[in-house]
Each structure stands twice: as C-alpha cells, then as structure tokens.
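Structure at a glance
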Amino acid sequence: MSVKLGVPSKGRLMEKTFDWFGERGISLSRSGSDREYAGKVEGIAGVELVLLSAGEIPRELAAGRIHLGVTGTDLVREKLGQWEQRVEPLAELGFGHADLILAVPNAWVDVNSLDDLDAAAAAFRQTHKFRLRIATKYHRLVREFLRDHGVADYQLVDSQGATEGTVKNETAEAVADITSTGDTLRANHLKILSDATILKSQATLFRSRMAAANDSERAVIKEMSRTLGLI
Ligand SMILES: Nc1ncnc2c1ncn2[C@@H]1O[C@H](COP(=O)(O)OP(=O)(O)OP(=O)(O)O)[C@@H](O)[C@H]1O
Ligand SMILES: O=P(O)(O)OC[C@H]1O[C@H](OP(=O)(O)OP(=O)(O)O)[C@H](O)[C@@H]1O
C-alpha cells in the first residue's frame, strides 16, 4: 500500500500545486494525455498521486480514502462539519487566495454593512412578501456567519457557478461568493459589504485524520513532511 496524495486535477490549482512540490524536491506530473487522470510522483517512494476535483478532496480526506490532499480552506470548511476533527492543515501553500464575501448591488446606496443588510432584509420582506435571496454555493459558511451576526430575514438560493449573474437574472438580490481580483463583482455591478468577509481562503495541504496508515505509510508521510520542510 502507498500513501495517497490528492491534488486538484486541472487549472491554476493543479499547476501551482505541482510547482510548490517541485520547488521542494518532489516532482508531481500528469502521466499520459491531458485527459487521463493518472499521475506520477518522483523524488519520494511510496506516494501515489490521485487527481481529483478540488471540491471532492475534502470528502475524500474525511472518508480516509486519501491520506493527504491539497485544496482550498474554503472547500474544507464548507464541506466538512467539525472539519478540525477530520483533517489537519499541514501547510498553507501561499496561492489560491480568495475571500468569501457578501455582496449587494451597487445601486443599493444605503446598504454598506451587515446592519444595513439586516434592515434592508426586513424592509424587503415587508414589501415583497418573501425573504431577500442570497445566492451561494457556500451554504454552511454563510448560514453560520449570518447567524453569528444576527441576520435572519433572508433565504439562501443555491448557485453552483456564475453566482454573480444571479442578481442581474433576478433569481437573487445578493450573493455570497469568493473573490480574488474583484473583477467579476465589478463587472456585475456588485459591491462587498464592509464587514462581511466570511472567510479568507488559500490552497492548503491537509492530512486526513481518518485514513488508516500502517507503519511504513506513516514513515512515508514523515519523510515527505521532512522533504517539504514542514518538520
Ligand atoms: N478566482 C479565483 N482566484 C483564486 N482562487 C480561486 C478562484 N476561484 C476559485 N478559487 C479557489 O480554488 C479552489 C477550487 O475552486 P474551483 O471552483 O475551481 O473547484 P471545483 O469546484 O472543484 O472545480 P470543478 O468542480 O470544476 O473541478 C477553491 O478553494 C477556491 O477558493
Ligand atoms: O474576483 P475574481 O478574480 O473576479 O474571481 C472571482 C470569481 O472566480 C470564481 O469563479 P470561477 O472562475 O471558479 O467560476 P464559477 O463561476 O464556475 O465559480 C468565483 O466564483 C468568482 O466568480
């Protein structure tokens, strides 16, 4: 048996993860064609590369099907209840930075903070006879944040992509999504509430607390941590 390392299977996260390991003496690469989800590890023995969707890595770690995995902290916190008991962050990788924020239309000139949103949500319900809709894929994190900040008069609507478009499409009045450069928010005429940064995320290497590891696998994880300069 070997230590299974889960890495995002495409895009910026995959490339930067490969670079991060490569700079530290462990070479990760995709084998075969661009479309084949198989990988190769050089520079350490006993490690198998598992290429997965970034969104699935938290679940695979929690189920113990991979020992180590790279994904965004936002995805781990959203997808895993009591995440600290199921995974341990080993290293923040310094890329994939994104903030989970709440945003409303620029045209809502009186709404700039959570207090303003709370007032606007109550007024919205009075006028429209339904609760203000916030589009997001981060249901757990948004609910917890709004509960902790005393905002209750809203409903979440699920949006798994192109979330900033929901306001223009009139399926939501506000959005909770990640932002990096802010370009997508600006292009969709949305503004971030001043006190509504729900989470600051970046790509992180996690260890599963659920994956069974025999002595030799534990030794490989230790050697890898040493090679990567984590211990
Ligand atoms: N514009 C961005 N800038 C920086 N990081 C981003 C950006 N968009 C997403 N991320 C981060 O990248 C990670 C993966 O997001 P992404 O939506 O690509 O994964 P995914 O849902 O697994 O994708 P897919 O299902 O299409 O494979 C998340 O942790 C997220 O915070
Ligand atoms: O602040 P910015 O730099 O503009 O980046 C933010 C955008 O990036 C992500 O979308 P992604 O490209 O992953 O597509 P998605 O709509 O499918 O989530 C996120 O959902 C935002 O829409």
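Please refer to the structure higher up on the page.
To start, this report covers the structure provided alongside it.

Criteria and thresholds
Residues numbered from 1 in each chain as written. Chains lettered and ligands numbered in written order. Predicted model: local features only at pLDDT ≥ 70, side-chain atom pairs only at ≥ 80, totals over all residues. Heavy atoms only, no water. Helix = DSSP H or I, 4+ residues; strand = E, 2+ residues; numbered from the N terminus. Buried < 20%, exposed > 50% of the residue type's maximum accessible area, 1.4 Å probe, protein only. Contact = heavy atoms within 4.5 Å. Phe/Tyr/Trp six-rings, centres within 6.5 Å; stacked < 30°, edge-to-face > 60°. Near = heavy atom within 4 Å. Polar contact = N/O pair within 3.5 Å; in protein donor to acceptor, adjacent residues only side chain to side chain. Areas by Shrake-Rupley, 256 points an atom, 1.4 Å probe, with all protein chains shown as cover. Nonpolar A, V, L, I, M, F, W, Y, C, P; charged D, E, K, R; others polar. Domains from an automatic or database assignment. Pairing = 2+ DSSP bridges. Axes fitted to C-alpha atoms, helices over the stretch in contact; angles between N-to-C directions.

1. Some words on the environment of Leu52
Mapped onto the elements of the fold, Leu52 is located in strand β4 (residues 47–52). Residue Leu52 is classed as buried on the basis of its relative accessible area, which comes to 15%. Here the alpha-carbon distance between Leu52 and Ser9, two residues 43 residues apart in the chain, equals 5.0 Å. When sequence neighbours within four positions are dropped, the list of residues in contact with Leu52 reads Val7, Pro8, Ser9, Ile57, Glu60 and Ile66.

2. Quick word on the packing of aromatic side chains
Taken as a whole and assessed by the stated rule, the structure comprises 2 aromatic pairs. Between Trp20 and Phe21 the ring centres are 5.2 Å apart and the planes differ by 75°, which places this aromatic pair in the edge-to-face class. Residue Trp20 is classed as buried on the basis of its relative accessible area, which comes to 7%. Geometrically, the ring pair formed by Phe124 and Phe130 is edge-to-face, given 5.3 Å between the ring centres and 80° between the ring planes. Overall, Phe124 belongs to the buried group, its relative accessible area being 11%.

3. Remarks on the site of ligand 1
Taken together, 15 residues lie around ligand 1, and Lys10, Ser53, Gly55, Asp74 and Ile178 are the ones closest in. Contacts to ligand 1 include Gly55, whose backbone N or O atom sits 2.7 Å from an oxygen atom. Against a free-state accessible area of 630 Å², the protein chains account for coverage of 66% of ligand 1. Mapped by element, the contributors of at least two residues to the shell around ligand 1 are α1 (11–23) and α3 (73–79). Its residues assigned to classes, the shell around ligand 1 comprises 5 nonpolar, 6 polar and 4 charged. Residue-level mapping places the shell around ligand 1 at the junction of two domains, with at least three residues from each of domain 1 (3–97 + 202–227) and domain 2 (98–201).

4. Quick word on the sheet that holds strand β8 (residues 132–136)
The strands making up a sheet associate through backbone hydrogen bonding, with each pair oriented either parallel or antiparallel. Reading across the sheet, the 5 strands line up as β9-β8-β10-β7-β11 and stay open at both edges, with mixed pairing between neighbours. Edge positions in the sheet fall to β9 (154–158) and β11 (190–201), since each has one partner strand and no second. Here the average twist between neighbouring strands, direction ignored, is 25°. Pairing of β8 with strand β10 (residues 174–179) involves 3 bridges; the strand directions are parallel. Pairing of Thr136 across the sheet is with Ala176, part of β10. Contacting β7 (98–105), β8, β9, β10 and β11, helix α6 (residues 139–148) runs over the sheet at an angle of about 110° to β11.

5. Topic: the site of ligand 2
Around ligand 2, a shell composed of Lys137, Gly161, Ala162, Glu164, Asp177, Ile178, Thr179, Ser180, Thr181, Gly182, Asp183 and Thr184 is seen. In this structure, an oxygen atom belonging to ligand 2 sits 2.8 Å away from a main-chain N or O atom of Ala162. Interatomic distance of 2.8 Å between a side-chain N/O atom of Asp177 and an oxygen atom of ligand 2. Of all the secondary-structure elements, those providing two or more residues to the shell around ligand 2 are β10 and α8 (183–187).

6. Looking at the sheet that holds strand β5 (residues 68–72)
What the 5 strands build is an open sheet, ordered β4-β1-β5-β12-β6; its pairing is mixed. Each having just a single partner strand, β4 and β6 (87–92) make up the two edges of the open sheet. On average, adjacent strands in this sheet sit at an angle of 30° to one another, irrespective of strand direction. Taken together, the 2 bridges between strand β1 (residues 3–8) and β5 define a ladder with parallel strand orientation. The partner of Gly6 across the bridge, within β5, is Gly69. This element, α1, spans β1, β4, β5, β6 and β12 (203–208) of the sheet and lies at about 130° to β1.

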